[in-house]
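Descriptive structure summary
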Amino acid sequence: MNRVITLLASALTFGAFAAFPAQAETKVGFVYVGPPGDLGWTYRHDIGRQAVEALDGISTTALENVPEGPEAVEAITQLAETGHDLIFTTSFGFMDATNEVAGSYPDVKFEHATGYIRAHPNVTTFSARFYEGRVVEGLIAAHMTESNKIGYIASFPIPEVIRGINAFMLEAKQHNPDVEVEIVWVFTWFDPAKEAAAAQALIDNGADVIVQHTDSPAAMQIAENAGIKAFGQASDMSRFGPTAHLVSIVDDWDSYYVDRAIAVRDGTWEQQDTWWGLTKDGMGSETGMVVMGSYGNMPDNVMADAKALEAALANGDRHSFPCPVYMQDGALADDCAAGEAHLTDGTLVGMNWYIQGIDATIPQ
Amino acid sequence: MSDLVIQILAASMLLATPLLLAAIGELVVEKSGVINLGVEGMMLIGGLAGFIALYQLQTSTCTMLIGDVCFTAENSVNQFQYIGSLVVAALVGAMAAALFGFLTQYFRANHIAAGLGLTVLGAGLSNSLGGNFFGVDYTAAIVASVPPLFPENWSEVPVLGPLLFSQNLLVPFSFLMLVAVWFFLNRTRAGLVVRAVGENHHSAYALGYPVILVRMMTIMFGGAMAGLAGAFIVIAQIAPKWTEGITVGKGWLALALILFATWRPGRVLLGAYLFGIVLALEPRLKAIFSNMSLEISYFLTALPYIVPVVVLVLISRNPVMIRRNAPASLGQSFEPRS
Amino acid sequence: MIRLIPRTQFGFWATAFPLILALSITVVVGFLVMVAMSEQPLSDTWTLLTFPWQARTASVQWGFVLQKSSYLAIMAVGLSIGYRANVWNIGAEGQFAFGSILAFGAYVLFGMPDTVWFLPVMLLFGVLGGVAWALIPAALRVWANTNELLTSLMLVYVAANVLNYVTTGPWKGDPKAGQAESDPIHESLRIASIIERTDFHWGVIISAGAILVLACVVLFTSFGYSVRVAQDAPRAQKFAGFSPQMTVWMSFVLSGATAGLAGAIFLSAETGKLIQSENYLNGLGFTAIVIAFLGRLHPIGIVAAALLISYVNVGATYVQSASQVDDSVAELVQVTALFAVLGTAFLSRYRVVFGRPDLSTEGAA
């Protein structure tokens, strides 16, 4: 009888060990469009990943340089196939692939950055209100420019980029009605050679402040070399332009990634769509996804004004697009005509028009 | 207006020099009867090697090293470090070419296939090593820019300043090399041997010239020059940075250049600068005519690749000139008849 | 002293030995690469070799392998025909792109039909697109004596620009998109998967069929014969009455057709829309060239090479997801295989002999 009990007990114990997989860890996968060494977009996502890696009971895997398009399907699928529970896909171009793979693996959670399609209940999208940073940049540029010509390196004519240009110019015109912007479309998010060429061309054409909506520090370095000013993008680019750098819009994914990873680990993950700016709710709560980094190379009063503006945007005293906002042809924007205090999210999401004061056409 | 012309010329020098360097090297290779299509691959791996060397040299003398990045006050490297990195680039390029040389000369492999294989190898190796070479991620490495060869204030001189005095040392080096190669091929005995091997390797062998050895040496020279060209592309930017595929087809342009120049060094110079001007025009025209139509904008982007085709067609219409200048045993494997 | 004597007899061993040697070299070098790149080389190599059985879903893994190899094989077989005759079409990537463009163009031109019966028309237009793009270097070679290698390559970059143009201009799709892309084609025109949730779709079958057709052309038609002759004895080809111009035309037509077909299948099966070239084109056309050489320009060899290389590629991404080994392992293995095959090819034409020549027994070969 004793023998039987011992045998049963050991069988149960071994059985218990066998039933529990050796890895009870939550595995989180990241799909990057470029290398963390780009010191821009992917670099900041990798910083976010490191924040997740530091959590208890969670391990991370990163696939870098994954081409957007059909190749991404394979990369994301392999992450799902190797037992990952949560997968972050960090570029717009992964949208189709993310949704396709999500349909095949309903037990895996997917988070897609800057996307807007959630075809399955296990897909969540998230993005940042980068345009809030552009407002601050607009104020600074208006004061710092002497030639009244701003050079803007833009990637693709999509709402996110157009929002940024509009927010920038709306604020800049408030402080310096004579300022003008010249926009070069490079049709790429990351191509240091192209960005450098565009920056040089803009400078040759008279711009003395460079703004970019692309991801490499090339333009900053060109600006430094030419002795003019520039704004950084995606990560803190001050070290690329010791005398040129004014401020950078820094992506801060840490708190969002940590929140979501913990939710998966603890089983509380739910589908949602998140759009954070300087703060999580635009009302002064904790840091959201946008941080302004390394103010410098400007007079103290400009810096004070800029920081005050940043605080006002963060705690909700100011909105980035306060009414009245006039469209390029002079008409009042629909939201303002309808009596709103500022442009609504609905308008911002699909923004494909310039505000009054920008003398250019959006490439169609 | 003249300001713009000077800017375009200065930019075109920057763009033409790697083409010139690679083309001079490959010219010698082809004069000896071998086609090495792996120029693009050699440029990539040589460029990465030069970048790694420059980075290591810079950080070894760095006074303020934070993590893997150097934050010195001077923010520039000196010429000796630059030359050191160039030597490394040339050596690595030569080694990559030697691999091709062994395959084609000793193992009688098909030249075209081996050359394409070298391109793929160079691209693949540089991509994987660039991300992680002994623990350092070179896509994140920042290297200070290389100062021009001449003193700072010389570049203020109008016209000649930006054109000549603010260029880094590989630019005058490329001109010197062109003259040296011309002299070598046309005025020295060794150059005569090279040309003889390229014209008729059987006769050359019969005369006692070591055909395979000569070819190996020209192949390695071509590789060294391609490595220098790659290093120039990476390092001579205002902000030297390594990215995958940084050469964007310049290796192939160099090959087209030689064909266009019908294997004559003087014409190689002309062609390199023609291509350089076309490459330099593209972003500037786009910035000046900022409201140009999409069609024209894309046409400009494709222009650096359409021009070589047009130029090749024009040249090739005169087959006599090609036959006169092309090495007669170009691309043929040498098989010694015992 | 090591000497190479041309073979007079070509037995089975003459062809097999170099391939076995090449395979062995590749395996050894591949393992060394793994040792250099991973912290647990033995375990990771084992994963690389057996990943379909380690993954959650084996059919998904095999699906990837078959899908990748179908594109590579069909393009490589088309290219190999020309390569045998020293017609160097290395612009398959551009012909692939143009095939996709024209297939999408047909969709737009015929008013965006929503029935699956239109699919063959799209594929046909894809073929025509590839042929059209390939005819440019062919024409330049035949009429203007221009080196087709360089022209076909330059046209790849031009085709990529055309792709970028149509996705940002006339066929621009959703304005909210963060990349340049067109609107998607209708659901019914998307090639379906054969096995649910995998990438193994009907396009693989179509490609397999095309490969069979081409193999028959090479092995059983007079054109195929002339091409096989051209590889070994170029002048005999002319004497037998096959014009070199015709060879150039046909080589480019066939390789352009296969690349265009691959492009059309890719459009329908993989993305359903045109995307900017940086994201749409992944070097399939260039890898196909390597596969063609790996397969020694023979249809059977090409299919085998395509399967092997695709297996290694998919395995490498699996290993990367499982243990963070960089997936450039696959690329390095591929290049090693290519160099090994190229370097051992001479063994099928020569015997290796050690020792001094014995003039009494060896006459002129």
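Residues numbered from 1 in each chain as written. Chains lettered and ligands numbered in written order. Predicted model: local features only at pLDDT ≥ 70, side-chain atom pairs only at ≥ 80, totals over all residues. Heavy atoms only, no water.

1. Description of empty space enclosed by the protein
Counted according to the given criterion, the structure contains two cavities of 30 Å³ or more. Reported here for the largest cavity is a volume of approximately 100 Å³. Looking at the largest cavity, it is lined by 14 residues, and the ones nearest its centre are Ile-158 of chain A together with Lys-172, Ala-177, Gln-179 and Ala-180 of chain C. Within the lining of the largest cavity, the residues separate by chemical class into eight nonpolar, three polar and three charged. (1 Å grid on protein atoms, 1.4 Å probe; cavity = no way out; pocket = protein on both sides within 12 Å on 5 of 7 lines; lining within 4 Å. Points joined across faces, edges and corners; volume = space filled by probe spheres on them. Nonpolar A, V, L, I, M, F, W, Y, C, P; charged D, E, K, R; others polar.)

2. Considerations on the nonpolar core
Residues Ile-140 of chain A together with Trp-252 of chain B are the most contacted members of the largest nonpolar core, which totals 273 residues. When residues in this core are grouped by element, the largest group, 15 residues, is from helix α9 (residues 211–235) of chain B. The residues that make up this core include at least three from each of domain 1 (24–128 + 253–276) and domain 2 (130–252 + 290–349) of chain A. When neighbours within four sequence positions are excluded, Ile-140 of chain A is seen to be in contact with Phe-231, Leu-246, Val-247, Tyr-295, Met-298, Val-302 and Ala-306 of chain A. (Core = buried A, V, L, I, M, F, W, Y, C linked by side-chain atoms within 4.5 Å. Buried < 20%, exposed > 50% of the residue type's maximum accessible area, 1.4 Å probe, protein only. Helix = DSSP H or I, 4+ residues; strand = E, 2+ residues; numbered from the N terminus. Domains from an automatic or database assignment. Contact = heavy atoms within 4.5 Å.)

3. Things to note about the interface of chain C and chain B
Of the residues lining the interface, 35 residues belong to chain C; the matching set on chain B comes to 40 residues. Summed over both partners, the interface of chain C with chain B comes to about 3300 Å²; 77% of that surface belongs to carbon and sulfur atoms. Ranking the residues of chain C by area buried against chain B places Met-154, Tyr-165 and Phe-339 of chain C at the top, with a combined share of 18%. One can count zero salt bridges joining chain C with chain B. The interface formed by chain C and chain B holds three residue pairs in polar contact (both at pLDDT 80 or more) in total. If you list the elements that add at least two residues to the side of chain C that touches chain B, you get α5 (119–144), α6 (148–168), α12 (284–294) and α14 (328–344) of chain C. Counting residues per element, the side of chain C that touches chain B draws most heavily on α6 of chain C, which supplies eleven residues. Looking at the side of chain C that touches chain B residue by residue, the classes come out as 22 nonpolar, ten polar and three charged. (Buried area = accessible area lost by both parts, 1.4 Å probe. Salt bridge = Lys/Arg side-chain N within 4 Å of Asp/Glu carboxyl O. Polar contact = N/O pair within 3.5 Å; in protein donor to acceptor, adjacent residues only side chain to side chain.)

4. Quick word on the confidence of the model for chain B
Residues and elements named next belong to chain B. Here chain B shows a mean pLDDT of 83. Residues at 70 or above account for 90%. Averaged pLDDT values for the elements of chain B fall to 57 in strand β1 (residues 65–66) and rise to 93 in α9. Note on the complex model: pTM 0.85, ipTM 0.84. (pLDDT = per-residue confidence, 0-100.)

5. Comments concerning the interface of chain C and chain A
The partner chain A presents 37 residues to the 35 residues of chain C that form the contact. By the criterion of area lost to chain A, the three top residues of chain C are Arg-56, Lys-176 and Ser-321 of chain C, representing 22% of everything that side buries. Summed over the shared surface of chain C and chain A, the number is twelve residue pairs in polar contact (both at pLDDT 80 or more). Contributing elements (two or more residues each) for the side of chain C that touches chain A: α3 (58–84), α10 (244–271) and α13 (299–323) of chain C. For the side of chain C that touches chain A, the element with the most residues is α13 of chain C, which contributes seven residues.

6. Looking at α5 of chain C
All names here are of chain C. Taking 1.5 Å as the rise per residue, α5 with 26 residues should run 38 Å; its terminal C-alpha atoms sit 37 Å apart, in good agreement. Maximum bend of α5: about 30 degrees, positioned at Leu-135, with proline Pro-137 one to four residues after it. Phi for Asn-145, located one or two positions after α5, is positive at around 60 degrees. (Expected span 1.5 Å × (residues − 1). Bend = angle between axes of the 7 residues up to and from the residue.)

7. A word on the pairing of strand β1 (residues 26–31) of chain A
Residue and element names in this part refer to chain A. Burial runs high along β1: six of the six residues are buried. Every second residue of β1 is oriented toward a common face, with Thr-26, Val-28 and Phe-30 on one face and Lys-27, Gly-29 and Val-31 on the other, all of them buried. Bridge count for β1 against strand β2 (residues 58–63) is six bridges, and the pairing is parallel. When the sheet's bridge partners are listed, Val-31 is paired in β2 with Leu-63. The handedness of the β1 to β2 crossover, carried by helix α2 (residues 41–53), is right-handed. As paired strands, β1 and strand β3 (residues 86–89) are joined by four bridges and run parallel to one another. From the neighbouring strand, Val-28 faces β3, where its bridge partner is Leu-86. (Pairing = 2+ DSSP bridges. Right-handed = clockwise from strand over helix to strand, strands pointing away.)

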